[in-house]
Amino acid sequence: MSGKIWLASPHMSDEGYELAYIKEAFDANWVAPLGANVDGFERELAARIGAKHAAALVSGTAAMHMALKAAGIEKGDIVFCQDLTFAATVNPVIYQNATPVFIDSNLETWNMDPEMLERAFKKYPNVKAVIVVHLYGLAADMDPIIQICKKHNVTLIEDAAESLGTTYKGKHTGTLGDYGIFSFNGNKIITTSGGGILVSDNAEKIAKVRFWSTQSRDNARYYRHSELGYNYRMSNIVAGIGRGQLKVLDKRIKKKKYIFEFYKREFSHLKGLGFMPVNDWNKPNFWLTCITLNERFTPLEVIETLEKDNIEARHIWNPMHLQPFYKGCDYIGRGVSEEIFNKGVCLPSDTNMTDDDLYRVCEVIKKMWS
Ligand SMILES: *Cc1c(COP(=O)(O)O)cnc(C)c1O
């Protein structure tokens, strides 16, 4: 059997940027949370995407938790959350003892359907926040979503965990709402082994998040805590990896786009095989290339056929309103997220892949259609 082809695996720079930053931290013996790399990573990431402030944290999930807390979400509040997503988007709503209501996607973006969002506001006028997601590096249709949130005076949080580098009408995802979160988990477009960041133009809120995420220690000579604290701060070693990875983000986006276009070219003649929607206003980072299947094969058949050849592919995210844990939560929609789940497959989109690897994936799929 040939070597394993991964969906998306860590890809450190050829230049060794990451190790150089880690070495700096070792030489200074700054092997701790906080430090020059954490400050540098926050500054450099914010500058890269045009955000004013950033707080580096242990994970994207922690960043979402802090975003909700900064937005004032507390017990009993209702939060509108995109239905088609990874559970990490919504779990922090539960950490805050709030209640999610799930909003369907549309086929044009695969992300939150503004029409369904508007409909949800009719049913729940007293909502505190909206969480929109930019799945697979595709931007949601932000203009109408921002307009609706402004009209109802609610906080807009963007889960941009999968979309670092994606732009919507020239602006970076994660900077369009009140808060944006990113993840640097092992399979994201750039990784720090594990980590996340919260961005916002609100300096006061970001300062508060730094305070909460370092155990909420009051400014006193002894240990005094007036607020609940968390140990959520990114370490100086992890941030060093992040600074190095930021230097190759453009390269990774370029390769991801190459992979998407490669599949598109190779599969152009396969009947009933479609691709995730890429709109004019949407300049994706192409984190994963997702295809859609009509009738002939199920996603599972494609995934299992690839698996036999030692190739990793995955289902689209399973909608939140179908999760046993979220049974009982309301869902406003018309079945689009299920439809995408029922016909979608994420293909290997690993930037470490060679053309030979890509041909190997394509051959397996083309053979299914022949
Ligand atoms: C990866 C991911 C997260 C969670 O990030 P972690 O760093 O793994 O906690 C949240 N939302 C989405 C959409 C993701 O893909």
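Fair warning: this is a prediction, and the values are worked out from it, not measured in the lab.

1. Observations regarding the sheet that holds strand β13 (residues 314-315)
Strands in a sheet are paired, the pairing made by backbone hydrogen bonds, and the direction either parallel or antiparallel.
Then, in step 1: If you walk across this open sheet you meet the four strands as β10-β12-β15-β13, and the pairing is antiparallel. Both outer strands of the open sheet, β10 (273-275) and β13, are each paired with one neighbouring strand and no more.
Then, in step 2: Pairing between strand β12 (residues 289-293) and strand β15 (residues 344-347): four bridges, direction antiparallel. Paired with C290 across the two strands is C346, which belongs to β15.
Then, in step 3: Seen against the sheet, helix α10 (residues 299-308) touches β12, β13 and β15 and runs at an angle of roughly 25° to β15.

2. Thoughts on the pattern of salt bridges
Two side chains that carry opposite charge are able to pair once their charged atoms sit near each other.
Then, in step 1: On inspection of all chains with the given rule, the structure shows 19 salt bridges.
Then, in step 2: Across the pair K366 and E266 runs a salt bridge whose closest N-O atoms are separated by 2.4 Å. Linking K366 in helix α12 (residues 355-369) with E266 in helix α9 (residues 249-266), this pair joins segments that are 100 residues apart in sequence.
Then, in step 3: Salt bridges linked by common partners bring E42, R210 and R233 together as one network.

3. As for the domain arrangement of the protein chain
Then, in step 1: We note that the domain assignment places domain 1 (17-246) and domain 2 (249-369) within the protein chain.
Then, in step 2: On a C-alpha basis, the centres of domain 1 and domain 2 stand 25 Å from each other.
Then, in step 3: Each partner contributes to the interface: domain 1 provides 48 residues, whereas domain 2 provides 40 residues.
Then, in step 4: Summing both sides of the interface, domain 1 and domain 2 together bury roughly 4000 Å²; the carbon and sulfur share of this comes to 63%.
Then, in step 5: Considering only the surface of domain 1 that becomes buried against domain 2, W110, Y136 and I189 emerge as the three largest contributors, covering 21% of it.

4. Observations regarding the nonpolar core
Then, in step 1: Membership of the largest hydrophobic core comes to 66 residues, with the highest contact counts inside it found for Y136 and Y263.
Then, in step 2: Among the elements that line this core, the one with the most residues is α12, at seven residues.
Then, in step 3: In terms of domain composition, this core takes at least three residues from each of domain 1 (17-246) and domain 2 (249-369).
Then, in step 4: Those residues in contact with Y136, other than ones at most four positions away along the chain, are W110, E162, M276, N285, F286, W287, L288, C290, H315, I316, W317 and C346.
Then, in step 5: Counting 32 residues, the second-largest nonpolar core is a separate cluster that includes A62, I157, I181 and Y230.

The rules behind each value
Residues numbered from 1 in each chain as written. Predicted model: local features only at pLDDT ≥ 70, side-chain atom pairs only at ≥ 80, totals over all residues. Heavy atoms only, no water. Pairing = 2+ DSSP bridges. Helix = DSSP H or I, 4+ residues; strand = E, 2+ residues; numbered from the N terminus. Contact = heavy atoms within 4.5 Å. Axes fitted to C-alpha atoms, helices over the stretch in contact; angles between N-to-C directions. Salt bridge = Lys/Arg side-chain N within 4 Å of Asp/Glu carboxyl O. Domains from an automatic or database assignment. Buried area = accessible area lost by both parts, 1.4 Å probe. Core = buried A, V, L, I, M, F, W, Y, C linked by side-chain atoms within 4.5 Å. Buried < 20%, exposed > 50% of the residue type's maximum accessible area, 1.4 Å probe, protein only.

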